[in-house]
Amino acid sequence: MSVFYRKYQNKNRQSVAYGKWFARAVTIGKTINIDELAKHMSEHNTPYSKGAIKGVLTDMIGCVRELMLEGKAVKLEGLAIFSAGIKTKKNGAPTSAEFSTTKHIDSVYMRARATGEFTRSELTKAGNVTELPKNFTDYGVNGGTNAPSNGGGNTGENTGGNTGGNTGGNNGGGGDDDAPNEN
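Residues numbered from 1 in each chain as written. Predicted model: local features only at pLDDT ≥ 70, side-chain atom pairs only at ≥ 80, totals over all residues. Heavy atoms only, no water.

(A) Just the overall build of the protein chain, in detail. A count of helical and extended segments in the protein chain gives four helices and six strands. For the protein chain, the N- to C-terminal ordering of α and β elements is β-β-α-α-β-β-α-β-α-β. Residue pairs in contact within the protein chain that sit at least 24 positions apart in sequence constitute 48% of those at least 6 positions apart. Accessible surface, the protein chain as shown: approximately 12,700 Å² in total, 54% of it carbon and sulfur. (Helix = DSSP H or I, 4+ residues; strand = E, 2+ residues; numbered from the N terminus. Contact = heavy atoms within 4.5 Å. Areas by Shrake-Rupley, 256 points an atom, 1.4 Å probe, with all protein chains shown as cover.)

(B) Representation of the packing of aromatic side chains in the model. This structure, assessed with the given rule, holds one aromatic pair. In this structure, R24 packs its charged tip against the face of Y8, placed 4.0 Å from the ring centre. (Phe/Tyr/Trp six-rings, centres within 6.5 Å; stacked < 30°, edge-to-face > 60°. Lys NZ or Arg CZ within 6 Å of the ring centre and 35° of its normal.)

(C) Spatial organisation of the pattern of salt bridges. Applying the stated criterion to the full structure yields nine salt bridges. For E131, the salt bridge identified is with K7, shortest N-O distance 3.6 Å. With E131 in strand β6 (residues 129-131) and K7 in strand β1 (residues 3-9), the pair connects residues that are 124 residues apart, well separated along the chain. Here K7 falls in the partly exposed class, since its relative accessible area comes to 49%. Through salt bridges with shared partners, a single ionic network connects D35, K50 and K54. (Salt bridge = Lys/Arg side-chain N within 4 Å of Asp/Glu carboxyl O. Buried < 20%, exposed > 50% of the residue type's maximum accessible area, 1.4 Å probe, protein only.)

(D) Structural detail: the side chain of S15. Relative to the helices and strands, S15 resides in the loop between β1 and β2 (21-26). At 3.0 Å, the side chain of S15 and the backbone nitrogen of A17 are in polar contact. (Polar contact = N/O pair within 3.5 Å; in protein donor to acceptor, adjacent residues only side chain to side chain.)

(E) Examining the sheet that holds β1 more closely. If you trace the three strands from one edge of the open sheet to the other, you get β2-β1-β6, paired in mixed fashion. Since the sheet does not close on itself, it has two edges, and those belong to β2 and β6, each with one partner. On average, adjacent strands in this sheet sit at an angle of 45° to one another, irrespective of strand direction. Relative to β2, β1 runs antiparallel, the two sharing six bridges. (Pairing = 2+ DSSP bridges. Axes fitted to C-alpha atoms, helices over the stretch in contact; angles between N-to-C directions.)

(F) Focus on the sheet that holds strand β5 (residues 105-114). Taken in spatial order, the three strands make up an open sheet running β3-β4-β5, and their pairing is antiparallel. Sheet topology places β3 (74-76) and β5 at the edges, where each strand pairs with a single neighbour. Across this sheet, the average inter-strand angle for adjacent strands is 30°, counted without regard to direction. Bridge count for strand β4 (residues 80-88) against β5 is nine bridges, and the pairing is antiparallel. Within β5, the position partnered with I86 by the bridge is V108. Against the sheet, helix α2 (residues 50-69) contacts β3, β4 and β5, and its axis sits at roughly 45° relative to β4.

(G) Main features of a nonpolar patch on the surface. Together, I32, L37 and M41 give the surface a local cluster of nonpolar side chains, amounting to about 260 Å² of exposed area. Structurally, the position occupied by I32 is in the loop between β2 and α1 (34-42). (Patch = residues over 30% accessible without salt bridge, like charges linked within 9 Å, V, L, I, M, F, W, Y side chains within 5 Å.)

(H) Seen up close, unusual backbone geometry. A positive phi angle is found at N45, which is not glycine, with a value near 50°. Looking at the secondary structure, you find N45 in the loop between α1 and α2. Given the relative accessible area of 83%, N45 is considered exposed.

Below, the structure written as C-alpha cells:
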C-alpha cells in the first residue's frame, strides 16, 4: 500500500516560501463508490453479502446525517467523529442583538475528525509515501483520462486539518500547516 505524491513548486510571489517545492498527495484510479466498497468488503472473509453490506452502509449514511443535523456528534470508532460545522460571514454582526442566521451564516457543513487508525500520526506510521513517476498517466480504469486528485484542492487557506470544513485536501500546500498556496 502506498500514498502517492507529486512535487509542485510554490508560485505565489507574495509567499515567504516562493519557489520552494512541496509534495501533494494524488489518488490513482477512480473514486470507489458505495457499491464498490460493499463488494470489496464482502470479499474480506465475511458472511455478509455485498447487498447486505451496501444496505447497512446506505442506512448508516442517512442516520449520520440525521443525527448531525440534530446537533449530535457521531463517532465511528477507528474512523472519525462526524459533526456539523457552521461557516459564518466574514464581517459578522456588529452586536449580538443584530445577529441573524439568514444574514450572517453562509453554510452548514460536515466536519470529520479522524480517530484511531485514521489519525494523522497513525496514517504517517502506516503509510508508504512514494513519488508517482512523472510519466505515469493511467489514472483511470482501462486507460481512462481521469486526472489525479489532490484530495479536495488547494484553496490557499488552511482550515485546521479536518476540523474546518474541508475534510480532505492539502489546503495551504502539501498538507503542511506552514506550507504556502501554490498559486
